[in-house]
There are 4 protein chains.
Amino acid sequence: MASKSFYAVIAGAGTGTGRAAAVRFAKSYPVVLLARTPASFDETVVQINSSGGSAIGIVADITDPSSLQSAFESIEEKLPGSKLAAAIYNVNTKFGPKPFLEVTLEELDANLDSAPRGLFAFAQKTLPLLLDSVPDSPRPPTLIITGATASARGSARFAHFAAGKFALRAIAQSLAREFHPRGVHVAHAIIDGGIDTPWGKAYVANGGVEDGKIKPEQIAEDYWHLHSQHRSGFTHEIDTRPFVEKF
Amino acid sequence: MASKSFYAVIAGAGTGTGRAAAVRFAKSYPVVLLARTPASFDETVVQINSSGGSAIGIVADITDPSSLQSAFESIEEKLPGSKLAAAIYNVNTKFGPKPFLEVTLEELDANLDSAPRGLFAFAQKTLPLLLDSVPDSPRPPTLIITGATASARGSARFAHFAAGKFALRAIAQSLAREFHPRGVHVAHAIIDGGIDTPWGKAYVANGGVEDGKIKPEQIAEDYWHLHSQHRSGFTHEIDTRPFVEKF
Amino acid sequence: MASKSFYAVIAGAGTGTGRAAAVRFAKSYPVVLLARTPASFDETVVQINSSGGSAIGIVADITDPSSLQSAFESIEEKLPGSKLAAAIYNVNTKFGPKPFLEVTLEELDANLDSAPRGLFAFAQKTLPLLLDSVPDSPRPPTLIITGATASARGSARFAHFAAGKFALRAIAQSLAREFHPRGVHVAHAIIDGGIDTPWGKAYVANGGVEDGKIKPEQIAEDYWHLHSQHRSGFTHEIDTRPFVEKF
Amino acid sequence: MASKSFYAVIAGAGTGTGRAAAVRFAKSYPVVLLARTPASFDETVVQINSSGGSAIGIVADITDPSSLQSAFESIEEKLPGSKLAAAIYNVNTKFGPKPFLEVTLEELDANLDSAPRGLFAFAQKTLPLLLDSVPDSPRPPTLIITGATASARGSARFAHFAAGKFALRAIAQSLAREFHPRGVHVAHAIIDGGIDTPWGKAYVANGGVEDGKIKPEQIAEDYWHLHSQHRSGFTHEIDTRPFVEKF
C-alpha cells in the first residue's frame, strides 16, 4: 500500500513519459500531475484513482513562478502534512528541425522557457521540500529531469532545441554535485529515440520495426529504479534508446 | 521461482560486485560463478544453494581461451539444455597509482589481460549463446561489463589502469552498437568510488562517512534493472557513485 | 600587409581574450571591436591604429537585436565593400559561485542573455556575411565562440553559469554541423583556468605559480590558428588551460 | 634557421601524417623518422635534406623495447648532445571493420601492440628526454599522439580497433595530467576522416568532394601549433575533420 505521508509530483504530465511516470509512482505514493491544461492529465488522474491509487491534477504553467507557487499551495491544501519524495521535470516544447537562419528569437525563447527557466523555477520550489524529506523519506528524495539526445549533442538545424536541452543538463549536473552530498538524488535521463505513444503513431521510427520506439512504461521503470537507489550508489545520468536506434 | 531453462554467468565472482550480482541474479536463474580460485566463490555458492537458489562455481582463468572453453563445457554438462540469459564481466586486476616512469610493461600487460583481452574472450564465448537465447529468453539476453572511473577519464599515475579500462569501454560500446539491433543488450557500468566489502574496510573512503562506499547490493540491483529493460529502451551505460563522492 | 577587403569583428572586446584577439587578427585584417562602453575598447583601438593596423570601436549591446543591427550598419558605412572573414563571440557575464537556492531568476537570465541569446543574435547577423565570403575569403570564414570549463561540466553552485555556457556550446556544435558543409568554420573554445589580465591580478590562480593563468595572447594565437585551418581539416572545439591547472 | 641543439622524433613516419609532420618540424629542428622499413621514410628523408633541412631515418619496431632502445642509442650517436624538443607517436595498424565474432585474438593483439603497448614504450623512452629539455627548450617539450574517431567512440564491427585507440587516449590523458605540471606538453589528436595521401586515392571519402579528405599538411600545422603553445595555455586534445565530414 502506498505511504500516505509522502507524495510525488510530475511536471509535464501530459506526455507519454509524464503519464507513465505518474502511473508507476502511484504504486507507492499519491501523485500530483501538473500540466497547462486539464486535458493533459484528466484521463490519467481518473485511471489512477479508479485503480486503487491516488492522483491529483493541477493546472499550472511551470515557467511562471507565481503559477508554480499557487500549484504548491494547492498541493499543501489537498495533501496536508504530506512530504515530497520525488519530483519529475518532464516539460517539453514543441519543436522541429529548422535551418538556423530561419529560427526566430521567440522560438529560441520558447525552448529556454521550457528548459532552463522552467527547471530552474521547479527545482527552486521542490529542492527545499526534498531536503526536508531527507531524514525520513522511505527512499532518498529524488529530482529526475527528462532530457533528450539534444542534451548532449548539437545537431544541424537543432541549435534552438539543443540550447535548451544542454542548459537543462547543465543545471541537472550542477544540482547533482550540490545536492547529492545533502542526501537528495538528482538524475538526468537522456531519452534517445521516438516514444511510443498513441499520438506519436504518425511518427514512424526506425523503419517501423516493432519496439522501434521507446515504451514510456520502460522509462517510468527506469525513473522508479533511480528513485529506489540507495544513497551509497546514486546514478546521475542514464540514457535509454530502442535496441535498433543508431547512436 | 527461478526458471530452470536459463542461467546467468558471472566472471570475476570473487569481488563484492560479482558476489552480490550472483546473489541477485540467483533469485531468477541458476548462476555460474567463474573465478581463478575456489576460495573466491565457495562461500557464495554455499550461501545461494542453502537459501533456495542454485549456484555452481567453476575455476577458470578468463584471460586464457582454453580455460574459458573448458569452463563452458563444464557448464553444458552441469546444466544440460539450459540457455544463457545474462553474462557479467567483472574481472579486475590489482593495481594502484604509480608514477608512469616506474610502471613496468608487465603491469601494463596485466591490465590489458584482465580488461580488453579477457573481455574479448568472454564476449566471443558468450555472445553466440546470448544470440541463441534472443527468441525465448524471459528478458532480453544481456552482457554487462563492470568498469570504473578510469574507464572514462585518465588520471595522473593511472595510465596503465586507464589503458585497460578505456579499452573495456571501447569494446562495450562497439558491442552495444553491433548487438543491440540483434536483440542482445550490452551495458557498461562506471563504478565511481570505493566499494563497501568486508576486505575493503581498511580503505576509508570519503572521510569515513556512512554510506561513503558503494554497497555492492546496490550495483547488483542496477545490473538486474539493466537486464530487466525492455528492448524498446536499452540503457548502454550507467554510472554509480556514493552520494558524497566528488565527480 | 593586411587585406583591405576583409575584416574581422570581435564581440566582447573588453576582456583580455577579446582584446588580444583583436590585436592578433589586426595583423591581417581591419578589426571591429564591439562592446557596451567605449572604455572597453578605446585603448585597444588606439594601440592597433598607432602600430600600423586598423581598428574601429563600436558601442553595441549584443543581446539587443536592434543595437546589433545598428552596429553592422555602422560597419558597412565605415568599411564600405569590405567582407567579413572572421567573427569572434567573446561576451561574458559577471558571475560567481552561489548556492543554487539563493540564485535569482534575474541572475539566470543575465547568463542566458549573454550566452545563448547573445550568441543567437550575433550568429544570425554574422553567418550570412560569412557565407557570402566563402568563395573569396583568404581563409575559410570563421565564427569562434569563447566558452569556459562550465561549457562542458556543471558544478556545485554554478547552475546558472553552466546553463548559459552549456547552451552556448549546444549552439556552437549545431552551427558547426550545419555550416561546415557550407564552408564556414565554426569553433568553440573551452578556456579552462584564470586569464592573466591586468585587472585579474587580484585573482591568484594555481597558488600564484608563474604562468598559472592563461596569457590572452596564447588564446589569440589559438583563435588565429583555427581561422587559418584549411577546410579539409577543421577543428570544432579546443580546450586550453595552464600547465598546472587540475582537470 | 633550425636550432641544432634540439631535435624532433616521429614514430610511424611512413604515413601521410607522419611524413607531413616530419617536413613541418624540419623547418625548426633536425628530425628523426622511425619506421619499420626504410621504404617508409627514405623519400621523406631525401626531400628534407635536399631542401635545407636535416633528417635521419632509423629502422625500428616501436612495439619492441629493445629495438626502440637501439634507435635512441643511434640518435645519440648521430646527433650528439642534441636534446629532444618534440616526440610524435603516429603508429598505426592495418585494420578494417569486421564482425566481432570473426575477429581473432591476434587481430586484437596487433591493435594493442601498435596502440597502448607501443605508446607505452615510446613514452617511457621519450618522457625522460623531454623532461630534461624543459629548462632550455625553445618551446615547451611536447609529446603528440595521433588518435582517430575510434579513440572516443566505439562502433559496430570496430571493437578491436577501438580497444587500441581508446587505450591510447587513456594513456594520453593520464600523461597530460601527470606531466603538464612538470612542464611537458602532452596532446592527443582525434583525426576524424580519411587522409588525403597518394596511396589513399582509392578510398573515396565524402562522395569524392574536393577537400573531402584531410590534407596531412593541415594536421602537421596543427601539431606544430600545439608544440608552439605557451605553457600558460596548453591544449591537450584536438579533433580535426573535413568540412563535409558527418560528426
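As a reminder, the structure under discussion sits directly above these lines.
Remember, it's a predicted structure, so these values are computed and weren't measured experimentally.

S.K.: Go over the interface of chain A and chain C with me, naming the residues and quoting the values.
M.R.: Taken together, the contact between chain A and chain C spans 39 residues of the former and 39 residues of the latter. Buried area between chain A and chain C, both sides added, is near 3,200 Å², and the carbon and sulfur share of it is 70%. The largest per-residue losses of area from chain A upon contact with chain C belong to Phe100, Leu101 and Phe120 of chain A, which jointly make up 21% of the total buried on that side. Run the count over chain A and chain C and you get two salt bridges. One salt bridge connects Arg117 of chain C with Asp109 of chain A, and the closest N-O pair in it is separated by 2.7 Å. Counting across the chain A and chain C interface gives 16 residue pairs in polar contact (both at pLDDT 80 or more). Elements with a minimum of two residues in the side of chain A that touches chain C: helix H4 (105-133) and helix H5 (159-179) of chain A. Its residues assigned to classes, the side of chain A that touches chain C shows 26 nonpolar, six polar and seven charged.

S.K.: Pulling in residues and values, what's your account of helix H1 (residues 16-25) of chain B?
M.R.: Because an α-helix completes one turn every 3.6 residues, residues spaced three or four positions apart along the sequence face the same direction. All names here are of chain B. Within H1, nine of the 10 residues are buried, leaving the element largely enclosed by the surrounding structure. Every buried residue belonging to H1 is among Gly16, Thr17, Gly18, Arg19, Ala20, Ala21, Ala22, Arg24 and Phe25, and all of these are buried. Among the structural elements, strand S1 (6-11), strand S2 (31-35), helix H2 (38-49), strand S4 (83-89), strand S5 (142-148) and helix H6 (216-228) are those in contact with the buried residues of H1.

S.K.: Could you give me a rundown of the environment of Leu175 of chain D, with the residues and numbers involved?
M.R.: By the secondary structure assignment, Leu175 of chain D is in helix H5 (residues 159-179). Between the alpha carbons of Leu175 of chain D and Ala187 of chain D there is a distance of 9.0 Å; along the sequence they are 12 residues apart. Those residues in contact with Leu175 of chain D, other than ones at most four positions away along the chain, are Phe100 of chain B together with Ala123, Leu127, Leu143, His180 and Val186 of chain D.

S.K.: Quick one: what's the story with the side chain of Ser151 of chain D, residue by residue and with numbers?
M.R.: Tracing the sequence through the fold places Ser151 of chain D in the loop between strand S5 (142-148) and H5. When residues no more than four places from it in sequence are discounted, the contact partners of Ser151 of chain D are Lys165, Phe166, Arg169 and His188 of chain D.

S.K.: Lay out the relation of the copies chain A and chain C in plain terms, naming residues and giving numbers.
M.R.: If you rotate chain A by 180 degrees and push it 0.0 Å along the axis, it lands on chain C with an RMSD of 0.0 Å. Both copies are brought into coincidence by an operation consistent with a two-fold rotation axis.

S.K.: Summarise the packing of helix H1 (residues 16-25) of chain A against helix H6 (residues 216-228) of chain A; cite the residues concerned and give the values.
M.R.: Residues and elements named next belong to chain A. Direction vectors running N to C along H1 and H6 enclose 55 degrees, while the axes themselves pass 8 Å from each other. Regarding the angle of H1 to H6, the classification is oblique. Taken as a pair, H1 and H6 cross one another with a handedness that is right-handed. Packed against H1, whose contacting residues are Gly16, Thr17, Ala20, Ala21, Arg24 and Phe25, the element H6 presents Pro216, Glu217, Ile219, Ala220, Glu221, Tyr223, Trp224 and His227 at the interface. In terms of residue class, the contact of H1 with H6 is built from eight nonpolar, three polar and three charged.

S.K.: Quick rundown of the sheet that holds strand S3 (residues 55-59) of chain D? Include the residues and the values.
M.R.: For sheets, the rule is that strands pair by backbone hydrogen bonds, running either parallel or antiparallel. Residues and elements named next belong to chain D. In space, the seven strands of this open sheet follow the order S3-S2-S1-S4-S5-S6-S7, with parallel pairing throughout. The open sheet has two edge strands with one neighbour each: S3 and strand S7 (237-240). In this sheet, adjacent strand axes meet at a mean angle of 20 degrees when their direction is disregarded. Pairing analysis gives four bridges linking strand S6 (residues 185-191) to S7, with the strands arranged parallel. Within S7, the residue paired with His188 across the bridge is Glu237. Sitting on the sheet, helix H2 (residues 38-49) touches strand S2 (31-35) and S3, and the angle it makes with S3 is about 170 degrees.

Calculation criteria
- Residues numbered from 1 in each chain as written.
- Chains lettered and ligands numbered in written order.
- Predicted model: local features only at pLDDT ≥ 70, side-chain atom pairs only at ≥ 80, totals over all residues.
- Heavy atoms only, no water.
- Contact = heavy atoms within 4.5 Å.
- Buried area = accessible area lost by both parts, 1.4 Å probe.
- Salt bridge = Lys/Arg side-chain N within 4 Å of Asp/Glu carboxyl O.
- Polar contact = N/O pair within 3.5 Å; in protein donor to acceptor, adjacent residues only side chain to side chain.
- Helix = DSSP H or I, 4+ residues; strand = E, 2+ residues; numbered from the N terminus.
- Nonpolar A, V, L, I, M, F, W, Y, C, P; charged D, E, K, R; others polar.
- Buried < 20%, exposed > 50% of the residue type's maximum accessible area, 1.4 Å probe, protein only.
- Least-squares fit on C-alpha atoms with pLDDT ≥ 70 in both.
- Axes fitted to C-alpha atoms, helices over the stretch in contact; angles between N-to-C directions.
- Parallel < 35°, antiparallel > 145°, perpendicular 65-115°, else oblique.
- Left-handed = near helix turned anticlockwise from the far one by under 90°.
- Pairing = 2+ DSSP bridges.

What is shown is where atoms sit, not what they do.
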